[in-house]
Amino acid sequence: MMDFGPHAGFIFASYGLCLITVLGLIAWVKIDRVNQEKALKELAEQGISRARPEKPTR
C-alpha cells in the first residue's frame, strides 16, 4: 500500500467527501426524475401534453 505520510487523514477525508457528494447528486437526480415523471403523468391525466398542436392546413 502507498505511504500517505502525515497527510493520510486529509486524503481519505477528501475522497470520502467526494464520494458522499457524488452519491448525493445521483440520489437527487433519481428522486427528481421520479417527481418529474409523476408530474407529467398527472398533467397527461388532465389532458395536457407536450405535443405541439398541428398547424391548420389551408
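Described in the following lines is the structure provided in the data block. (Residues numbered from 1 in each chain as written. Predicted model: local features only at pLDDT ≥ 70, side-chain atom pairs only at ≥ 80, totals over all residues. Heavy atoms only, no water.)

## Thoughts on the overall build of the protein
Next up, step 1: For the protein, the count of helices and strands is 1 helix and 0 strands.
Next up, step 2: For the protein, whose C-alpha radius of gyration is 24 Å, the value lies well above the compact-globule estimate of 10 Å for 58 residues.
Next up, step 3: The dimensions of the protein, computed from C-alpha atoms along their principal axes, are 80 × 25 × 15 Å.
Next up, step 4: Looking at the protein as a whole, 0% of its 58 residues are labelled buried.
Next up, step 5: Separation of charge centres in the protein, based on 8 positive and 6 negative side chains, amounts to 11 Å. (Helix = DSSP H or I, 4+ residues; strand = E, 2+ residues; numbered from the N terminus. Rg over C-alpha atoms; globule rule 2.2 N^0.38 Å. Buried < 20%, exposed > 50% of the residue type's maximum accessible area, 1.4 Å probe, protein only. Lys, Arg positive; Asp, Glu negative; His and termini not counted. Charge placed at Lys NZ, Arg CZ, Asp CG, Glu CD.)

## Regarding the packing of aromatic side chains
Next up, step 1: Considering all chains together, one arrives at 1 aromatic pair under this definition.
Next up, step 2: Their ring planes at 70 degrees and their centres at 5.1 Å tell us that F4 and F12 sit as a pair that is edge-to-face.
Next up, step 3: Since its relative accessible area comes to 44%, F12 is described here as partly exposed. (Phe/Tyr/Trp six-rings, centres within 6.5 Å; stacked < 30°, edge-to-face > 60°.)

## Description of the pattern of salt bridges
Next up, step 1: Scanning all chains against the criterion turns up 1 salt bridge.
Next up, step 2: Linking E37 and R33 is a salt bridge whose minimum nitrogen-to-oxygen distance equals 3.1 Å. Of this pair, E37 and R33 both sit in helix α1 (residues 8–45), 4 residues apart, roughly one helical turn. (Salt bridge = Lys/Arg side-chain N within 4 Å of Asp/Glu carboxyl O.)

## As for a nonpolar patch on the surface
Next up, step 1: Among the surface-exposed residues, L19, V22, L23 and I26 lie close enough to one another that they form a single nonpolar patch of about 370 Å² accessible area.
Next up, step 2: Relative to the elements of secondary structure, L23 occurs in helix α1.
Next up, step 3: Assessed through its relative accessible area of 48%, L23 is described here as partly exposed. (Patch = residues over 30% accessible without salt bridge, like charges linked within 9 Å, V, L, I, M, F, W, Y side chains within 5 Å. Areas by Shrake-Rupley, 256 points an atom, 1.4 Å probe, with all protein chains shown as cover.)

## Topic: the environment of V34
Next up, step 1: Among the secondary structure elements, V34 is positioned in helix α1.
Next up, step 2: For the pair V34 and S14, spaced 20 residues apart in sequence, the C-alpha separation works out to 31 Å.

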